[in-house]
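The primary structure of each chain is shown beneath.
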Amino acid sequence: QVQLVESGGGLVQAGGSLRLSCAASGSIVSINTMGWYRQAPGKQRVLVAEFPSGGSTNYADSVKGRFTISRDNAKNTVYLQMNSLKPEDTAVYYCNAVLRPEGSYYARNYWGQGTQVTVSS
């Protein structure tokens with residue numbers, strides 16, 4: 001069974017930094033893309049950053065220049081380095097992966113459990 005396990009959230013002051021990690025475990029044939037979404041209270045879940053396999057990274061306009069997504073393909077892990085954090089970044093951050101698990105013909109969408117990021121002013 002494939003799972004995405006997140007870590008690295010926490011409380012930080014405005015201007016500070018956090019690094020989120022998400023590791024995909026289980027029997028994985030291939031990964032199409034990995035990325036990060038976030039959901040603030042009362043709002044919809046939105047894309048923060050995406051790192052397609054073999055493709056270019058994508059960022060939400062609100063985080064460009066401050067956040068950096070990276071991947072360690074050997075470990076099936078995606079990271080989100082968050083710098084110059086703002087109170088507006090406060091949200092639950094969810095790891096996302098589109099991958100093909102062993103035994104499946106199709107790639108499937110997976111979500112991490114979510115990790116809270118709180119930025120105080």
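All of the points below concern the structure found in this document.

The rules behind the values
Residues numbered from 1 in each chain as written. Predicted model: local features only at pLDDT ≥ 70, side-chain atom pairs only at ≥ 80, totals over all residues. Heavy atoms only, no water. Disulfide = S-S within 2.5 Å. Helix = DSSP H or I, 4+ residues; strand = E, 2+ residues; numbered from the N terminus. Buried < 20%, exposed > 50% of the residue type's maximum accessible area, 1.4 Å probe, protein only. Salt bridge = Lys/Arg side-chain N within 4 Å of Asp/Glu carboxyl O. Core = buried A, V, L, I, M, F, W, Y, C linked by side-chain atoms within 4.5 Å. Contact = heavy atoms within 4.5 Å.

1. Considerations on the state of the cysteines
Taken as a whole and judged by the stated rule, the model has one disulfide. Cys 22 shares a disulfide with Cys 95; S-S distance 2.0 Å. Judged by the sign of its S-S torsion, about -80 degrees, the bond between Cys 22 and Cys 95 is left-handed. Note that Cys 22 is positioned in strand 3 (residues 18-25) and Cys 95 in strand 9 (residues 91-101), a separation of 73 residues in sequence. Just as Cys 22 is buried, Cys 95 falls in that class too.

2. Considering the pattern of salt bridges
According to the stated counting rule, one finds three salt bridges in the structure shown. Two residues, Arg 38 and Asp 89, come together in a salt bridge whose shortest N-O distance is 3.0 Å. Residue Arg 38 is found in strand 4 (residues 28-39), and its partner Asp 89 is found in the loop between strand 8 (77-82) and strand 9; the two are separated by 51 residues along the sequence. Judged on exposure class, the residue Arg 38 and its partner Asp 89 are both buried. With a closest N to O distance of 3.1 Å, Lys 64 and Asp 61 form a salt bridge.

3. Observations regarding the environment of Gln 1
Along the polypeptide, Gln 1 turns up in the segment before strand 1 (3-7). Along the sequence, Gln 1 and Ser 27 sit 26 residues apart, while their C-alpha atoms lie 6.7 Å from each other.

4. Digging into the nonpolar core
Membership of the largest hydrophobic core comes to 28 residues, with the highest contact counts inside it found for Trp 36, Val 48, Phe 67, Leu 80, Met 82 and Tyr 93. A per-element tally of this core places strand 9 first, with five residues. When near neighbours in sequence (up to four residues on either side) are disregarded, Val 48 contacts Trp 36, Tyr 37, Arg 38, Asn 58, Tyr 59, Ala 60, Val 63, Phe 67, Leu 80 and Tyr 93.

5. Quick word on the environment of Val 119
When you line up the elements, Val 119 lands in strand 11 (residues 115-120). A residue is classified by how much of its surface remains accessible, and Val 119, at 6% relative accessible area, is buried. Put simply, Val 119 and Gly 15 are 104 residues apart on the chain and 8.6 Å apart in space, counted from C-alpha to C-alpha. Excluding residues that lie within four positions of it along the chain, Val 119 makes contacts with Val 12, Gln 13, Ala 14, Leu 85, Lys 86, Pro 87, Asp 89 and Thr 90.

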